[in-house]
Structure formats: structure tokens, C-alpha cells
Amino acid sequence: MVSGTGSNLAALIAAHEDPAYGARVVAVVADRRGIRALDIAAEAGIPTAVVSVEDFDDRRLWDAAIAETVAVFKPDLVVLAGFMKLLGATFLERFGGRIINTHPALLPAFPGAHGVRDALRYGAKVTGCTVMVVDEGIDTGPILAQAAVTVEPDDDEATLHERIKVVERSLLVEWVGRIARDGLRVEGRHAEAGR
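Read on for an overview of the structure. Within each chain, residues carry numbers counting from 1 in the order of the written sequence. Selection of residues for local features in this predicted model requires a pLDDT of at least 70, selection of side-chain atom pairs for listing and counting requires 80 or more, and totals for whole chains, interfaces and linings are taken over all residues. As a rule here, side-chain values cover all heavy atoms of the structure and leave hydrogens and water aside.

Let's talk about the pairing of strand β7 (residues 184-187)
The rule for pairing is simple: two strands pair if DSSP sees at least two bridges between them. Secondary structure elements follow DSSP: runs of H or I of four or more residues count as helices, runs of E of two or more count as strands, with numbering from the N terminus. Where β7 lies against strand β8 (residues 190-193), four bridges are found, and the strand directions are antiparallel. Along β8, the bridge assignment pairs L184 with A193.

Looking at the packing of aromatic side chains
Stacked, tilted and edge-to-face are the three classes applied to pairs of Phe, Tyr and Trp rings, where Trp contributes its six-membered ring and a pair requires centres within 6.5 Å; stacked means planes under 30 degrees apart, edge-to-face means over 60, and tilted covers the rest. On inspection of all chains with the given rule, the structure shows three aromatic pairs. Ring geometry for F91 and F95: centres 4.8 Å apart, planes at 40°, overall tilted. Linking F91 with F95, this pair stays in helix α4 (residues 89-95), spanning four residues, or about one helical turn. Comparing F91 with F95 shows no difference in burial state: the two are buried. Look at F110 and Y122: their rings are 5.7 Å apart centre to centre, the planes differ by 65°, and that puts the pair in the edge-to-face class. Taken together, the residues span a long stretch of sequence, with F110 in the loop between β4 (99-103) and α5 (115-122) and Y122 in helix α5 at a distance of 12 residues. Relative accessible area serves as the criterion here: at 18%, F110 is assigned to the buried category. Owing to a relative accessible area of 66%, Y122 belongs among the exposed residues under this scheme. Exposure is judged per residue with a 1.4 Å probe applied to protein chains only, and the accessible area is read against the type maximum: over 50% gives exposed, under 20% gives buried, and values in between give partly exposed.

Here it is, written out as C-alpha cells:
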């Protein structure tokens, strides 16, 4: 699922070309039209769909519609690859325990849409990225993996975020492959690859 430029998606598509990876991107569902991620999917011959919040009278209807749309593709794992909307109860009931996401900070520090900016404002010397299992909260799900990125003295939000994105893509690709090959086990706050 995507909302923007598709850099995470492109990394996943590149990885899925290797049969040993164990995972395939079967579809791309977006919450916005006209984004680069949809072009990347189309160029790779991957089916796409757009379910925009603006097309629905209320958020619950959108959540039900996007759940139905994703279900059409029968995914084993739902990957939020730069997807910037909160999923609601209907979606979580249908796919809960098999939705993963990334965040550009070392959770539980700096959750929400501005993790990089918040880390800089706080004066953090180290930040990074997190891959987590999605739950009903904002960046509160069980953590699968994290990687640290040093904050450089001359960093601004853009430069730091670009360095985090490189690490984030690698971590996401690694964990999607591990989950595809080994399964996903979630017990309370603990999540790991394995059956």
C-alpha cells in the first residue's frame, strides 16, 4: 500500500525478482491518484488500485472499501510502503497480525507523521527506522526490527530523512523476505519471523 514516490515499493520489486527472496508484490493499492508509486507498479506489470478517502462520505466507509480492495488480491502479508493513512477497525479485523509498516525513527520515540523533524528538534544524536506490525495505534505495534542512523551536526530534515530512507528500504526488504520465507509470529508486544 502506497501514498507517494514509491521508493520502498521499488526496492521490494527489485528484491522480488530473485526467486530465493520468497515474496512477490502481487498488487499495489494507493490512497491517492497520480503518484509515482503507481507508475512504478505499472512499469513492473503489477496490478494497481486507488481507494481515495475523498471519494467516501466517512472514514469507516473508506476503510471498508480499501479492505475489500486489498482482499481481492489475496495477500499473505500487507506491506505499508510509505502509506500515510491510518487503517481502521474493519481493515485491521480482516488483515490484523499480517500488516507491517516502517517508521523513520526508533520507536517508541518520535511516533507520528514527523518523526525525523521531531528527532532533530529534540536534539537526538541517534535516530533511525523501525519495522513494526501494525495495530490500532499510531506507530504503536510490536517492533520487528530497528536500525540506527547517526544525526550529523549539519543535518536538516531533508538530509537526515534521505539517509534514514536508505536504511529503511534495506530493513523493509530484509524483513518482508524473512516473513515470506519463515512466517510471522506475534505474541503481545513481541514480533519475529518464524512460525
